[in-house]
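Each chain, letter by letter, is given below.
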Amino acid sequence: MCIPYDIVFASDKQKVYDKADILTTEEENMLNDLCNESGKEVKTDIVICTDNINGGANKRKKYLEDFHDNNNFGYGSKEDVTYILINMNSKNRGFEIQAYGERQEHVNGDRINNIVSKMTPILKEGKYYDALQLFVDMVYNYMLDEPSEQEIKEAFANSDKSEYEEDNNVMKMIISLAIGFILSGIIVGILVSNSSGAITVSGADYIDKSKRSLLRRNDIYIRTTVTKVKKQSSNNTGIGGGSGSGGGVSSGGSSHTGGGGSF
Amino acid sequence: MVIQYKCQNCGADMGFDTKSGKLKCQSCGHEESIEQYNQNNIKDETIYEDLKNNEVNQYKCQNCGASIITEKNTTATNCSFCGAAVILGDRLQGTYSPIEVIPFKISKDEAQAAFKKWCNKSFFTPKKFKSANRIKSITGIYVPFWLFNLNVSGDILAQGTKVRTYDKGDYIYTETKYYDLYRTIDLDYIKVPADASEKMDDKVMDKLEPFDYGELKKFKPPYLANYIAESYNYTDKQLLSRVKQRVSKYADNFILNTTIEYSSVNFKYKNLKTIQKKAEYVLLPVWAMTYDYEHSEYMFAMNGQTGKVVGKPPISKSKVAITYIVLSLVLTLICRLIWQIF
């Protein structure tokens, strides 16, 4: 293991990717330095992306996962890295935070929620530099601060894939059983009931069609009533409300914590 | 009075033939048209007057001399000893004389084949039942029916609604329009059948419909040769309420069919009168078999004109249970596999 090389390599890499061009060159350089310095101290990579992508939270999540898979970020052999993405698309303004590596629980769901709620008002004002500076500071602090036992437990519960999948398999089996028994009940029921004849005649078979049967047909309009019900709105815009449940696994196989919000 | 039909050529017994619709000699194949058959021409109709033994009629088969055992409504049967077709003429007289008859079109062979197919149709029919030799007991019966002509007339007032919903702003609006619907009807229902035999299950008989009335023939006794026939147990008056009930349902449906453009219809006022205009006593052909299987009675019935089959074959509970469990497990497995793939 050539740790010194890793440190140098990781630390000096570009950390700010301002594709949406919301930062001045000066701000970009300052943030890059901040990321590198803070990161080095707490032994993690901090990476900032901005872009203009068409889509909401899921697209942002996927964007960062792909970004992680395609770039060689991660401090030291532990591959610790925390990303932020700011999407400046006018229809889907939002941002997303993801943490990878062994110390991802330092930036767990609750903590991401906290970052999101602090950053949202600043982003809304358009102070992107300030917001990102706050982000780097908060990640820095969280990396120094050991998460509580409760937090670790939660993070563990979220990230323990095998246990989750086992549960999932049991659920799938139960649902499959239910479907199997109900479906075969219906099929057997049809087979059993199908075995007798049915009445196939109706009044039309015996009516004398040669004469007029309907002597009067008069429909008179009386009145109209109108009632109204308020629609239930389903599109809540999450102002400052982040979600810490955006954890997952990238296509490259790296598990991460995550969350974000719109602004 | 016993009527038996003897062949002019060879003197053997004649019976009704479903293919030709004529009387046919079972030994030499000689055919005799029934339509042109004259009751007064006793050339090939042999009527035997029996001795009237007080009040009880004693019938004797003229072939073998055995006495014919009948129930009191039987009008045609076979001699239980020699099998000769026997018609009890005096029971077909006066008010007990049917006006018309639909002759059998389905032969005994066809009925037996249909019964076999019916047994095999249901997957759950017990093996024991299928293998039992019941098929011989299938019987062609001319079942007594009354054909009613009824008139339903009167006025109806109903409330109809048309409902429309639409979105506007933050609200969903429901607009209901109310209408008063006036209808006056004058419906004639023609030849609505009602089974007049005590023995036959009304529900089963209703399911045998429709019969094609185009093939109704003026009644003549030779049609009954080689079948069982019965006279009615119930008069038209006794059956009227049952038919009225049926027709009033038809009338309700007729009215509802004139209001289909409405979302809901509630009758507010209904004044309908059903009158019997005519009732005709007819005999309709049915292939039937009743049988006991494990303490329950089942019935197979087949429209002797159209071949429509009614009735439930017995169901093996253990077969149903095994099928259910096996099918459930197979479906569960398939469901789980499909899930795994996607």
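Residues numbered from 1 in each chain as written. Chains lettered and ligands numbered in written order. Predicted model: local features only at pLDDT ≥ 70, side-chain atom pairs only at ≥ 80, totals over all residues. Heavy atoms only, no water.

## Some words on the packing of aromatic side chains
Residue and element names in this part refer to chain B.
Item 1. What the rule picks out here adds up to 27 aromatic pairs over all chains.
Item 2. Ring centres 4.7 Å apart and planes at 90 degrees place the aromatic pair Y232 and Y281 in the edge-to-face group. Residue Y232 is located in the loop between strand 14 (228-230) and helix 4 (236-257), and its partner Y281 is located in strand 15 (residues 264-293); the two are separated by 49 residues in the primary sequence. There is no split in this pair, since Y232 and Y281 are both buried.
Item 3. K270 extends its terminal NZ or CZ atom over the ring of F267, reaching a point 5.1 Å from the ring centre. (Phe/Tyr/Trp six-rings, centres within 6.5 Å; stacked < 30°, edge-to-face > 60°. Helix = DSSP H or I, 4+ residues; strand = E, 2+ residues; numbered from the N terminus. Buried < 20%, exposed > 50% of the residue type's maximum accessible area, 1.4 Å probe, protein only. Lys NZ or Arg CZ within 6 Å of the ring centre and 35° of its normal.)

## Let's talk about the sheet that holds strand 6 (residues 248-249) of chain A
Hydrogen bonds along the backbone pair up the strands of a sheet, which may run parallel or antiparallel.
All names here are of chain A.
Item 1. Strand order in the open sheet formed by 6 strands is 1-2-3-4-7-6, with mixed pairing between adjacent strands. Edge positions in the sheet fall to strand 1 (16-18) and strand 6, since each of these pairs with one other strand and no more.
Item 2. Bridge analysis of strand 6 against strand 7 (residues 255-262) gives 2 bridges, and the strand direction is antiparallel. Within strand 7, the residue paired with V249 across the bridge is S255.
Item 3. Each of strand 1, strand 2 (45-51), strand 3 (81-87), strand 4 (94-100), strand 6 and strand 7 is contacted by helix 3 (residues 57-70), which is oriented at about 40 degrees to strand 4, the strand it contacts most.
Item 4. Seen against the sheet, helix 5 (residues 128-144) touches strand 2, strand 3 and strand 4 and runs at an angle of roughly 160 degrees to strand 3. (Pairing = 2+ DSSP bridges. Contact = heavy atoms within 4.5 Å. Axes fitted to C-alpha atoms, helices over the stretch in contact; angles between N-to-C directions.)

## Here we look at the environment of E41(A)
Residue and element names in this part refer to chain A.
Item 1. Here E41 is to be found in helix 2 (residues 25-42).
Item 2. Exposure remark for E41: the relative accessible area of 56% places this residue in the exposed category.
Item 3. In the structure, E41 is positioned 99 residues away from Y140 in sequence and 8.4 Å away in space, judged by C-alpha atoms.
Item 4. Among the polar contacts listed, one links the side chain of E41 to the side chain of Y140, at a separation of 2.6 Å. (Polar contact = N/O pair within 3.5 Å; in protein donor to acceptor, adjacent residues only side chain to side chain.)

## As for the side chain of K172(A)
Item 1. Inspection of the secondary structure puts K172(A) in helix 7 (residues 161-193).
Item 2. Among all residues touching K172(A), those that are not within four sequence positions of it are R336(B) and W339(B).

## Regarding the pairing of strand 7 of chain A
Residue and element names in this part refer to chain A.
Item 1. Within strand 7, 6 of the 8 residues are buried, which leaves the element mostly enclosed by the surrounding structure.
Item 2. Across 7 bridges, strand 4 lies against strand 7 in antiparallel orientation. Residue pairing in the sheet places F95 in a bridge with G261 of strand 7.

## Here we look at the sheet that holds strand 3 (residues 22-25) of chain B
Residue and element names in this part refer to chain B.
Item 1. Taken in spatial order, the 3 strands line up as 2-3-4 in an open sheet, and their pairing is antiparallel. The open sheet has two edge strands with one neighbour each: strand 2 (14-17) and strand 4 (31-32).
Item 2. Relative to strand 3, strand 2 runs antiparallel, the two sharing 4 bridges. By the bridge assignment for strand 3, G15 is matched with K24.

## Structural notes on helix 2 of chain A
Structurally, the α-helix is built with 3.6 residues per turn, so residues lying three or four positions apart point the same way.
All names here are of chain A.
Item 1. With 18 residues, helix 2 should reach 26 Å at 1.5 Å per residue; the first-to-last C-alpha distance of 26 Å fits that figure.
Item 2. For helix 2, the set of buried residues is L31, N32, C35, N36, S38, G39 and V42.
Item 3. Residue K43 follows helix 2 closely and has a positive phi angle near 55 degrees. (Expected span 1.5 Å × (residues − 1).)

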